[in-house]
Amino acid sequence: MLLDLYTLTAVVAAATALTGLVVYFVFYWLFQRVAGRREAEEDEVKRKIVFSGFIVDKPEFPSLVELVKDIYSRAFRRGFRVVERTSRGLVVDWYLVGYLLMLALLIAGVVIWLTR
Amino acid sequence: MVDQVIWFLFESLVYPGLVFVVLLIIFTQWLYRKLSARIQYRRGPIHSGPFGLLQPLADLIKLLAKEDVYNVFGLNIPPLVVISLAIGALSSVTLLTPLALKPLYAPFDAVVVLYLLAFVPFAIAYLALSNPNPYTSVGVARYLALLIAAEPPFVLSFLVPLVIAARHEGTEYSVYLTSNFSYRLWAENPASMALAAASSFIAVMALLMVKPFDSPEAEAEIYWGLFTELGGPRLALGMFAKFAERIVYPLFFALLFLGGPWPFQGSGLLPATAVLLKYLAVYVVLTIVDNSLPRYRPDQAVEFLIKYLYPMSVISLVLAVVL
């Protein structure tokens, strides 16, 4: 069925929302209502994080960004250092980069105006 | 109008939508377990249903019927809604394939498909992170590192058949129309198609966490990483999304690189059967690879993907545009 892109996007988004809600209500809500069992006895470790037999009250969650950076730094030792140094430089010199971008826009505008 | 609404509900919820995807997951998971068992000299599932065919369904029902337990640092409802929508997205993209009785298509509909496919890994990562645990954080970080390395090459190589078909057959970047002409694309630009098929297949392996790219869930190392803290219905929905991904990605590979519904055209019983057989062939290859290769370290996986997959996919796209 040939549609225009906007109608197709709307139809597929509607199908996604409808199917998603059916999945939620049938596979989660309905199952929990009809067949979801609760444990007869609840112990103190339920819903807590336990390491080596001890409850951890304040677990440390490592930073995702640091972990991803660590994986990439191991994969590309020299290249990663260059990228990191360059991006740090760009962040530090943000005003210079912004100035250059503005200048480039200005020059592009003048060129377009002259060649119109 | 009423007819169209009924048809839309049927296609979204029954075929090729939700019910069909659930049945296909049950069958392909049974196939995966049987093949894995044969490779490892075991028998695999035998008790539930004929030949153990209903074992995945029994496991799903067992998990769904358990009490929903999430840890004190976790979120309750939002991750369940997001992962349900991700399953909805995977189920809905099948409406744009020759599996549908009346496939939906539009110029540039590939953008919609790519957007919906890109949503799913982040929904899985969100579900995992919303039940935090140090092992989960490590698993999610590995998954994100893998996504950064594999998603762009997948998108670039996915575009190659669409570009070739748009240039030579006037299909206007529609997935359904391209799949109907994809048997001709290998003759029109063999170099570009070969490079794109290779990079797309490897990217699909990484996105589906097939070995050697399964470091995000490395069982013996980080206790299943992404899924460490998930149990009961949360684990069931997470695995549902993961298994649905294993249907949709190989399906699109078969549509774009293996001739789609060829030797038939359009949609209907015979084209859908041809597409499903090709999909099952890709799935079997993925299963055998998953059971045969050792695991890469996360940095090795990322290095391999960026060093080889990025150039391959970029060159294939340039060749598709130039030749």
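Keep in mind that what you see is a predicted model, and the values were worked out from it rather than measured.

Reading the values: rules and limits
- Residues numbered from 1 in each chain as written.
- Chains lettered and ligands numbered in written order.
- Predicted model: local features only at pLDDT ≥ 70, side-chain atom pairs only at ≥ 80, totals over all residues.
- Helix = DSSP H or I, 4+ residues; strand = E, 2+ residues; numbered from the N terminus.
- Rg over C-alpha atoms; globule rule 2.2 N^0.38 Å.
- Buried ≥ 20, exposed ≤ 12 C-beta atoms within 10 Å, placed from the backbone.
- Contact = placed C-beta atoms within 7 Å.
- Nonpolar A, V, L, I, M, F, W, Y, C, P; charged D, E, K, R; others polar.
- Domains from an automatic or database assignment.
- Axes fitted to C-alpha atoms, helices over the stretch in contact; angles between N-to-C directions.
- Parallel < 35°, antiparallel > 145°, perpendicular 65-115°, else oblique.

Draft legend 1. Quick peek at the overall build of chain A. Counting secondary structure elements, chain A contains 4 helices and 2 strands. Beginning at the N terminus, the succession of helices and strands in chain A can be written as α-β-β-α-α-α. Here the C-alpha atoms of chain A give a radius of gyration of 28 Å, more than 25% beyond the 13 Å that 2.2 N^0.38 yields for 116 residues. In chain A, buried positions account for 14% of the 116 residues.

Draft legend 2. Geometry of the interface of chain B and chain A. Chain B puts 49 residues into the contact, and the matching count from chain A is 43 residues. Mapped by element, the contributors of at least two residues to the side of chain B that touches chain A are helix H1 (2-13), helix H4 (78-92), helix H5 (110-129), helix H6 (134-169), helix H10 (232-257) and helix H12 (298-322) of chain B. Each residue belonging to the side of chain B that touches chain A can be placed in one class, and the counts come to 32 nonpolar, 9 polar and 8 charged.

Draft legend 3. Molecular detail of the domain arrangement of chain A. Once the domains are mapped, chain A shows domain 1 (1-40) and domain 2 (62-116). Between the C-alpha centres of domain 1 of chain A and domain 2 of chain A there is a distance of 41 Å.

Draft legend 4. Here's a closer look at the packing of H5(B) against H6(B). All names here are of chain B. Their axes nearest at 10 Å, the elements H5 and H6 cross at an angle of 175°. Considered as vectors, H5 and H6 are oriented roughly antiparallel to each other. Of the residues in H6, those in contact with Ala110, Leu114, Ala118, Pro121, Ala125, Ala128 and Leu129 of H5 are Thr136, Gly139, Val140, Tyr143, Leu144, Leu147, Glu151, Val155, Phe158 and Leu162. Residue composition of the contact of H5 with H6, by class: 14 nonpolar, 2 polar and 1 charged.

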